[in-house]
Amino acid sequence: MSRRRWVILAVAVAAQAATSALVYGLPFVIPALRAEENLTLAEAGTLTVIPILGLLLALIAWGAAADRFGERIVMTIGMAGAGSATLAAAIVPGIVPLGALLVAAGAFSAAISAASGRAVLGWFDVRERGLAMGIRQTCQPIGVGIAALTLPPAAQAWGYRSALLIPAVFCLAMAVLVAVALLDPPRKPGAELRATRSPYRFARLWRVHLASALLVGPQFVAGTFALTYLVTEQGWHAVTAGAALAAVQVAGAAGRIGAGVWSDRVASRMRPMRTIAVAAALAMLVWAVGDAVAPWLAAVGLVAAMIISVTDNGLAFTATAELAGPAWAGRALGIQNTGQNGMALAVAPVFATVVTAIGWPWALAVAAALPAAAVLLTPVRGETLEPL
């Protein structure tokens, strides 16, 4: 049993990393996309995050499907669909079909976002759940890191459409792995029937959702515009910037694991999450000040923002599942993902517009207000950790 659960965790991480490379890694082709299609920064930024729209539309439905049918079948269908839609997007000509297929790919990828966390949480008990979810949440930095390493040189050499083949093949390969190796968690019948009333009758779960959605702001400002910022504002080469940002993703992945272990040891998900929110706000302000006065300080702030802003994600996911209970975990994680990805989808066009209007320093300072608000919303008082 002990070995099996770690295998399940590894499969979940690999599957979610594949979809993360697709859904969150496309901003690394923005320079090539703008050059080939003559798009503005706002237009290119919107197109590269449009898979998140599909994710938003499908998350809750996939979560409900996972609650009813189990994780394995839902994740297998989702991986195969995401890979196939992305493969079609790389081949079919035209910006409108490209956008539509990327939306479809995002919708299929929502199956993994909703079900993989539920699978992991079902295999681990409360004493190790923070660690397990911290490891599971490394999937996004790993996927984005892979995208940072592979997509800029591929787009530069063969065009941005050819670069799309990389996440497409990754997703299709992981569909086979999920079908063969992933097992649904063993759940006691009593646990499935317990706490069937909606957990949303209390404010605590709503506050977790809102606070974590606000914390997505700095994460996606940094993740979406870091490469563009380093290339256009600091004069970096795109491939060099991509390699540097891939290394930063490794630190971000380690931070997610560390945050999970921290939460297990202090028996709290929310206290570490509130501390991370404070640090994320400060990192964004350092980036803003650095852009105004010193390029090296801007780079320090950017790197700090990219690392710190991703570390809270596993804490919010774990708290969501614990508060929802097994009967509602899939739907609650779908709602959690919906809020976060709704913020992520809004960040790219809004921030690009604000940057164009008032410049990078002030736009970054405005973005720092999001994690600052999350500090106030994070529900620390009265927290207890419940077994699933």
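Structure report, in brief.

Reading the values: rules and limits
Residues numbered from 1 in each chain as written. Predicted model: local features only at pLDDT ≥ 70, side-chain atom pairs only at ≥ 80, totals over all residues. Heavy atoms only, no water. Helix = DSSP H or I, 4+ residues; strand = E, 2+ residues; numbered from the N terminus. Rg over C-alpha atoms; globule rule 2.2 N^0.38 Å. Buried < 20%, exposed > 50% of the residue type's maximum accessible area, 1.4 Å probe, protein only. Contact = heavy atoms within 4.5 Å. Areas by Shrake-Rupley, 256 points an atom, 1.4 Å probe, with all protein chains shown as cover. Lys, Arg positive; Asp, Glu negative; His and termini not counted. Charge placed at Lys NZ, Arg CZ, Asp CG, Glu CD. Patch = residues over 30% accessible without salt bridge, like charges linked within 9 Å, V, L, I, M, F, W, Y side chains within 5 Å. Salt bridge = Lys/Arg side-chain N within 4 Å of Asp/Glu carboxyl O. Polar contact = N/O pair within 3.5 Å; in protein donor to acceptor, adjacent residues only side chain to side chain. Expected span 1.5 Å × (residues − 1). Bend = angle between axes of the 7 residues up to and from the residue.

A count of helical and extended segments in the chain gives 18 helices and zero strands. The C-alpha atoms of the chain give 20 Å as radius of gyration, which agrees with the globular expectation for 388 residues (21 Å, within 12%). On the principal axes, the C-alpha backbone points of the chain span a range of 60 × 45 × 35 Å. Within the chain, buried positions represent 56% of all 388 residues. The long-range share in the chain, meaning contacts at least 24 apart out of those at least 6 apart in sequence, stands at 84%. Per element, the accessible surface of the chain, about 14500 Å² overall, is 70% carbon and sulfur. One way to put it: in the chain the 25 positive side-chain charges average out to a point 10 Å from where the 16 negative ones average out.

Bringing a nonpolar patch on the surface into the picture now. On the surface, F69, I73, I77 and F108 cluster together into a nonpolar patch covering about 380 Å² of accessible area. With respect to the element layout, I73 can be found in helix 5 (residues 71-91). In this structure I73 comes out as partly exposed when scored by relative accessible area, which is 48%.

Inspection of every chain in the model, using the stated rule, returns two salt bridges. With a closest N to O distance of 3.0 Å, R269 and D264 form a salt bridge. Exposure class is identical for R269 and D264. Each is buried. With its nearest N and O atoms 2.8 Å apart, the salt bridge here joins E322 to R269. Residue E322 is found in helix 16 (residues 313-324), and its partner R269 is found in the loop between helix 13 (238-266) and helix 14 (270-293); the two are separated by 53 residues along the sequence. With relative accessibility at 9%, the residue E322 sits in the buried group. With relative accessibility at 0%, the residue R269 sits in the buried group. Here the salt bridges do not stand alone but share partners, grouping D264, R269 and E322 into one network.

Further remarks concern the environment of Q234. Assignment of secondary structure puts Q234 in the loop between helix 12 (203-232) and helix 13. The sequence separation of Q234 and V354 amounts to 120 residues, and the corresponding C-alpha distance is 19 Å. At 3.0 Å, the side chain of Q234 and the side chain of Y229 are in polar contact.

Attention now moves to helix 12. Note on helix geometry: an α-helix contains 3.6 residues per turn, so any two residues three or four positions apart are oriented the same way. The end-to-end C-alpha separation of helix 12 is 44 Å, in line with the 44 Å expected for 30 residues at 1.5 Å each. The largest bend in helix 12 is about 55 degrees, located at F225. Counting buried positions along helix 12 yields 22 of 30 residues, so the element is predominantly enclosed.

The values reported here are purely geometric and, on their own, carry no functional implication.
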